[in-house]
Amino acid sequence: MIRINLLPFRAARKKENIRRQVSVFFLCLLLVMIVLVWVHFYLGNKQTRLTTSVSDTKKELALYKKKNDEINEIRKKLKDLEMRQNVIEDLEKQRFEPVHIMEELTDKIVSERMWLTKLSIGSNQMDIDGIALDNKTVADFIDNLEGLSTLNNRSV
């Protein structure tokens, strides 16, 4: 019977298996390295894009903030102008009120028996100073003031 020595074949197969496993290991390691490098560059580009986007957004925000400040300033000026206009309208409405009060007061004064020396009109108060010959004249003047229509219609 012929005997075939398979030992060198097994040793060669074992060497080939080890060489294949080492080459598969290094190929897998190379593949992992390639994937890691690709992920690194991908994330780097993404970070650069996001940083650029953030800086652009900050610039845009600064522009809008400037415009918002201008709008707020214009609103303040508009509010100030409206307030001034309201004051002017109130003054225009009350422009003839002192004249009417003086006219009615001159009608209510007891002639040749009393004289007014000072008249001051506040928002809801009127002060009158004057000279009268006697107490009856003052009483008559006060009775005449009760019918004063300008004071009764005056808004407080």
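Structure: above.
Residues numbered from 1 in each chain as written. Predicted model: local features only at pLDDT ≥ 70, side-chain atom pairs only at ≥ 80, totals over all residues. Heavy atoms only, no water.

Draft legend 1. Quick peek at the overall build of the protein. Helix and strand counts for the protein come out as four helices and two strands. Listing the helices and strands of the protein from first to last along the sequence gives α-α-β-β-α-α. Here the protein has a C-alpha radius of gyration of 52 Å; the compact-globule value for 156 residues is 15 Å, and the former is much larger. Along the first, second and third principal axes, the C-alpha set of the protein runs to 170 × 25 × 20 Å. A buried classification covers 7% of the 156 residues belonging to the protein. Distance between charge centres in the protein, computed from 26 positive and 22 negative side chains, equals 40 Å. (Helix = DSSP H or I, 4+ residues; strand = E, 2+ residues; numbered from the N terminus. Rg over C-alpha atoms; globule rule 2.2 N^0.38 Å. Buried < 20%, exposed > 50% of the residue type's maximum accessible area, 1.4 Å probe, protein only. Lys, Arg positive; Asp, Glu negative; His and termini not counted. Charge placed at Lys NZ, Arg CZ, Asp CG, Glu CD.)

Draft legend 2. Summary view of the packing of aromatic side chains. A complete count under the given rule lists two aromatic pairs for this structure. Measuring from ring centre to ring centre gives 5.5 Å for Trp38 and Tyr42, while their planes differ by 15°; the resulting arrangement is stacked. Separated by four residues within a single helix, Trp38 and Tyr42 lie in helix α1 (residues 7-93), roughly one turn from each other. Judged by relative accessible area, Trp38 falls into the exposed class, the value being 56%. (Phe/Tyr/Trp six-rings, centres within 6.5 Å; stacked < 30°, edge-to-face > 60°.)

Draft legend 3. Structural context of the pairing of strand β2 (residues 126-132). Here strand β1 (residues 114-121) pairs with β2 via seven bridges, running antiparallel. Bridge pairing links Trp115 to Ile131 in β2. Following β1, the chain reverses through four residues before pairing antiparallel with β2. (Pairing = 2+ DSSP bridges.)

Draft legend 4. Fine view of the environment of Val39. Among the structural elements, Val39 can be located in helix α1. Owing to a relative accessible area of 32%, Val39 belongs among the partly exposed residues under this scheme. Taking the C-alpha atoms as reference points, Val39 and His100, 61 residues apart in sequence, are found 90 Å from one another.

Draft legend 5. Looking closely at helix α2 (residues 97-108). Over its twelve residues, α2 runs 16 Å from end to end, which matches the ideal 16 Å to within 8%, given 1.5 Å per residue. Inspection of α2 places Ile101, Glu104 and Leu105 among the buried residues, and these make up the whole buried set. Down the axis of α2, the buried set is contained in an arc of 105°. They therefore lie on one face. (Expected span 1.5 Å × (residues − 1). Arc of directions from axis to C-beta.)

Draft legend 6. Focus on helix α3 (residues 135-146). Compared with the 16 Å implied by 1.5 Å per residue over twelve residues, the 17 Å span of α3 between its first and last C-alpha is a close match. Those residues of α3 that fall on the buried side of the exposure criterion are Thr137, Phe141 and Leu145. The buried residues of α3 all sit within an arc of 80° when viewed along its axis, so they share a single face. More than 90 degrees from the buried face of α3, the exposed residues found are Asn135, Lys136 and Glu146. Of the surrounding elements, those touching the buried residues of α3 are α2, β1 and β2. (Contact = heavy atoms within 4.5 Å.)

Draft legend 7. Structural view of the side chain of Thr137. Inspection of the secondary structure puts Thr137 in helix α3. A distance of 3.3 Å separates polar atoms of two side chains, one belonging to Thr137 and the other to Arg113. Engagement of the side chain of Thr137 in a polar contact is seen with the side chain of Asp134, the distance being 2.4 Å. Not counting residues up to four positions away in its chain, the partners in contact with Thr137 are Val110, Arg113, Met114 and Ala132. (Polar contact = N/O pair within 3.5 Å; in protein donor to acceptor, adjacent residues only side chain to side chain.)

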